[in-house]
Amino acid sequence: MKLRKMLGSLIRRIQSLGFYRKLTRRSSRCFVFREATQTDMIWVESYSSPNSDSPMQLPSPGVTNFVASRKRKIVGFVQLLREEESDSLFPGYWLFSLRVWPLYRGMGIGEALSRKVMEQARMESARELSLLVYEDNPAALSLYAKLGFARVIVPELEKMLEEERSASGRRRVVLRRQLD
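Residues numbered from 1 in each chain as written. Predicted model: local features only at pLDDT ≥ 70, side-chain atom pairs only at ≥ 80, totals over all residues. Heavy atoms only, no water.

1. Some details on the overall build of the chain
Assigned secondary structure in the chain consists of six helices and seven strands. Across the chain, helices and strands are ordered from the amino to the carboxyl terminus as α-α-β-α-β-β-β-α-β-α-β-α-β. Among the 180 residues that make up the chain, the fraction classed as buried is 36%. Long-range pairs, those at least 24 residues apart, make up 64% of the contacts in the chain between residues at least 6 apart in sequence. (Helix = DSSP H or I, 4+ residues; strand = E, 2+ residues; numbered from the N terminus. Buried < 20%, exposed > 50% of the residue type's maximum accessible area, 1.4 Å probe, protein only. Contact = heavy atoms within 4.5 Å.)

Next comes the structure, spelled out in structure tokens:
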């Protein structure tokens, strides 16, 4: 277990270096970014929660799932959520659950998946896209800033976000990007 932690730390350090990013971005052309199938979602669920006994959630008409794959192996995942104004605390279009498997980070996969969500939201005539991210996640904040997202205050969410901070010690913030 100690060796695994050391290797993970070494990989993360290498992935943060500029030369690694330049080198691996060239290989990112080998990845396919597409809407997820039901089989893909079963695999993502088992990867994300390997010890879970709960049944997989049924697909929702307000959610579109996307995956990144290479040679039929899924290496990343993201969702586009659409919430009606009257139905939710989170009305509008939301980028949700962006995940890139650890060995594939730093290769531009998160950026490509995020752009896929932005493209789909634009096709549906969304004016803006929002997301929640932990304020102590510099890699994600940097990615979203690069994509044109900026922090906004949503008064209706502030109480919930502060309660989360009290319970977990971490706080999420809302970022938003205009799509016009």
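Having seen it, we continue.
2. Points about the packing of aromatic side chains
Applying the stated criterion across every chain yields a total of four aromatic pairs. Their ring planes at 90° and their centres at 6.1 Å tell us that F31 and Y104 sit as a pair that is edge-to-face. Of the two residues, F31 is situated in the loop between α2 (18-27) and β1 (32-35) and Y104 in the loop between β4 (92-100) and α4 (109-123); the sequence distance between them amounts to 73 residues. Between the aromatic rings of F90 and W94, the centroid separation amounts to 5.4 Å while the plane-to-plane angle is 85°, which identifies the pairing as edge-to-face. The aromatic ring of F31 is capped on one face by R70, whose charged end is 5.4 Å from the ring centroid. We note R170 situated over the ring of Y134; from NZ or CZ to the ring centre the distance is 3.8 Å. (Phe/Tyr/Trp six-rings, centres within 6.5 Å; stacked < 30°, edge-to-face > 60°. Lys NZ or Arg CZ within 6 Å of the ring centre and 35° of its normal.)

3. Focus on the side chain of R82
As for its placement among the helices and strands, R82 is situated in strand β3 (residues 73-83). For R82, the side chain forms a polar contact with the side chain of E124, separated by 2.5 Å. When near neighbours in sequence (up to four residues on either side) are disregarded, R82 contacts P61, G62, V63, T64, G92, Y93, Q120 and E124. (Polar contact = N/O pair within 3.5 Å; in protein donor to acceptor, adjacent residues only side chain to side chain.)

4. So, the environment of R177
Within the secondary structure, R177 is located in strand β7 (residues 172-178). Along the chain, R177 and V152 lie 25 residues apart, while their C-alpha atoms are 9.6 Å from each other. Every residue in contact with R177, bar those within four places of it in the chain, is listed here: M118, R122, R127, E128, L129, L147, G148 and F149.

5. Let's talk about the nonpolar core
The biggest cluster of nonpolar side chains holds 35 residues, and the ones touching the most others in it are Y104, I109, L129, Y144 and F149. At the level of secondary structure, the elements contributing two or more residues to this core comprise α3 (38-48), β2 (63-70), β3, β4, α4, β5 (128-134), α5 (138-146) and β7. Beyond its immediate chain neighbours, meaning those up to four positions away, I109 contacts F31, F33, A68, V75, V100 and Y104. In terms of nonpolar packing, the next biggest core, distinct from the first, is built from seven residues, W94, L132, V154 and L161 among them. (Core = buried A, V, L, I, M, F, W, Y, C linked by side-chain atoms within 4.5 Å.)

6. Remarks on helix α6 (residues 155-168)
With 14 residues, α6 should reach 20 Å at 1.5 Å per residue; the first-to-last C-alpha distance of 20 Å fits that figure. G169 lies just past α6 and shows a positive phi near 85°. (Expected span 1.5 Å × (residues − 1).)

7. Observations regarding α5
Looking only at α5, the buried set comprises A140, L143 and Y144. Down the axis, α5 shows its buried residues gathered within 95° of arc, on one side only. Across α5 from its buried face, at more than 90 degrees, point the exposed residues P138 and K146. Buried residues in α5 make contact with β4, α4, β5 and β7. Backbone geometry just downstream of α5 places G148 in the positive-phi region, at approximately 95°. (Arc of directions from axis to C-beta.)

It is worth stressing that arrangement in space is one thing and function is another; only the former is reported here.
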